[in-house]
Amino acid sequence: MKTKYIIMSMLAALLALTSCSDDDNTPAVKPAKAVLGEWFTQVKANGELDGVPYDEYALLVTFQEDGHGSFLQYFLKDGKLVSALGSFTDYTVDSNGKISIVINEVNVPLGENVRLTDNKVMLDMPNYDLRGLILLHPTDTQKQMIKEWDAIVEEWGGKGNDGSTTTTEVTDEGASEPARVPASTHVGQ
């Protein structure tokens with residue numbers, strides 16, 4: 001009887017050691033959490049946007065915890081920013097890391113084959129003939145460069161593609177069509 005009690009006690013101790021701890025109840029980082037933050041890429045790419053040639057393309061995508069985010073595209077020629085596009089987005093991430101990013105104003109996807117793999121966001125931008133882009137969290141140097149580009153874009157603010165300035169009045173209503181920010185902004189040539 002004593003032997004049976006010792007065996008039962010050892011089994012109980014063994015089960016206690018293998019039972020779930022608090023750490024076991026903490027799930028691994030899910031793709032939706034892993035994608036949060038800023039992701040950046042910059043590549044050589046020849047093209048033309050609204051008549052403005054470029055030889056480099058950069059993309060900054062931001063994912064917020066609430067399922068919203070934004071993207072900014074930067075177009076450069078000879079190292080100088082010549083155009084920029086951006087918008088707010090909504091996104092979802094499935095359990096396999098596939099990401100769906102939808103541009104709010106036009107309700108179309110940003111890129112194709114967007115996915116989180118090995119702590120990288122991968123996507124194709126067929127509109128610019130760019131496939132296999134790899135986005136990583138930006139370095140401090142890249143963040144500084146983005147800040148400088150954003151300052152240039154801010155200077156362009158309110159300027160139409162024809163160089164005219166549009167002034168808007170702040171109201172509780174939406175902007176009329178002529179007062180909307182242009183879809184793209186270019187440096188005068």
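Residues numbered from 1 in each chain as written. Predicted model: local features only at pLDDT ≥ 70, side-chain atom pairs only at ≥ 80, totals over all residues. Heavy atoms only, no water.

Positive phi outside glycine occurs at N113, with the angle close to 50 degrees. With respect to the element layout, N113 can be found in strand β7 (residues 112–117). Take N113: its relative accessible area is 48%, and that puts it in the partly exposed class. (Helix = DSSP H or I, 4+ residues; strand = E, 2+ residues; numbered from the N terminus. Buried < 20%, exposed > 50% of the residue type's maximum accessible area, 1.4 Å probe, protein only.)

Once that is clear, we can look at the sheet that holds strand β8 (residues 120–125). Read across the open sheet, the three strands follow the order β7-β8-β9; overall the sheet is antiparallel. Among the strands making up the open sheet, the edge pair consists of β7 and β9 (130–135). Here the strands of the sheet are splayed against their neighbours by 15 degrees on average, with no regard to which way each runs. The pairing of β8 with β9 spans four bridges and is antiparallel. In the sheet register, M122 faces β9, and the bridge partner there is I134. (Pairing = 2+ DSSP bridges. Axes fitted to C-alpha atoms, helices over the stretch in contact; angles between N-to-C directions.)

Here the chain averages 77 in pLDDT, and 67% of its residues register 70 or above. Every residue in residues 1–27 is under pLDDT 50, and counting partners more than four places away or in other chains gives two contacts. Confidence drops under pLDDT 50 across residues 160–189; counting only partners more than four residues distant or on other chains, this segment forms 37 contacts. (pLDDT = per-residue confidence, 0-100. Contact = heavy atoms within 4.5 Å.)

The next point concerns the pattern of salt bridges. Taken as a whole and judged by the stated rule, the model has two salt bridges. Here K33 makes a salt bridge to E65, at a shortest N to O gap of 3.0 Å. Here K33, found in helix α3 (residues 31–34), pairs with E65, found in the loop between β2 (52–63) and β3 (68–77); they are 32 residues apart in sequence, far enough to count as distant. Judged by relative accessible area, which is 48%, K33 ranks as partly exposed. Its salt-bridge partner being E56, residue K44 comes within 3.9 Å of it at the nearest N-O pair. Remark: E56 occurs in strand β2 and K44 occurs in strand β1 (residues 37–49); sequence separation between them is twelve residues. In this structure K44 comes out as exposed when scored by relative accessible area, which is 67%. (Salt bridge = Lys/Arg side-chain N within 4 Å of Asp/Glu carboxyl O.)

Here we come to helix α4 (residues 140–156). Owing to its 3.6 residues per turn, the α-helix aligns residues three or four sequence positions apart on the same side. The end-to-end C-alpha distance of α4, which contains 17 residues, comes to 25 Å, matching closely the 24 Å that a straight helix rising 1.5 Å per residue would cover. Of the residues making up α4, those classed as buried are I146, W149 and W156. Projected onto a plane normal to the axis of α4, the buried residues spread over an arc of 65 degrees and lie on a single side. When the buried face of α4 is taken as reference, the exposed residues oriented beyond 90 degrees from it are D140, T141, K147, E154 and E155. (Expected span 1.5 Å × (residues − 1). Arc of directions from axis to C-beta.)

Before going further, it helps to examine the nonpolar core. Most often, soluble globular proteins keep nonpolar side chains buried together rather than apart. Ranked by internal contacts, the top residues of the largest apolar core, which has 29 residues, are V35, Y57, F63, I99, V121 and Y128. Of all elements in the fold, only β1, β2, β3, β4 (80–93), β5 (99–103), β7, β8 and β9 reach the threshold of two or more residues within this core. Element by element, the count of residues in this core is highest for β2, at six residues. Judged by nonpolar contacts, the second largest core, of ten residues, contains A58, L60, L76 and I146. (Core = buried A, V, L, I, M, F, W, Y, C linked by side-chain atoms within 4.5 Å.)

Moving on to the environment of V43. Tracing the backbone through its elements, the reader meets V43 in strand β1. Linking V43 and Y57, residues 14 residues apart in sequence, is a C-alpha distance of 5.4 Å. Setting aside residues up to four positions removed in sequence, V43 forms contacts with E56, Y57, L130 and L133.

The next subject is the packing of aromatic side chains. In the structure shown here, the tally under the stated rule is seven aromatic pairs. Centroid distance Y57 to F75: 5.5 Å. Interplanar angle 65 degrees. Geometry classified as edge-to-face. Of this pair, Y57 sits in strand β2 while F75 sits in strand β3, and the two are 18 residues apart along the sequence. You'll find Y57 and F75 in the same group, each marked buried. An aromatic cluster of three or more residues is present, and its members are Y54, Y57, F75 and Y128. (Phe/Tyr/Trp six-rings, centres within 6.5 Å; stacked < 30°, edge-to-face > 60°.)

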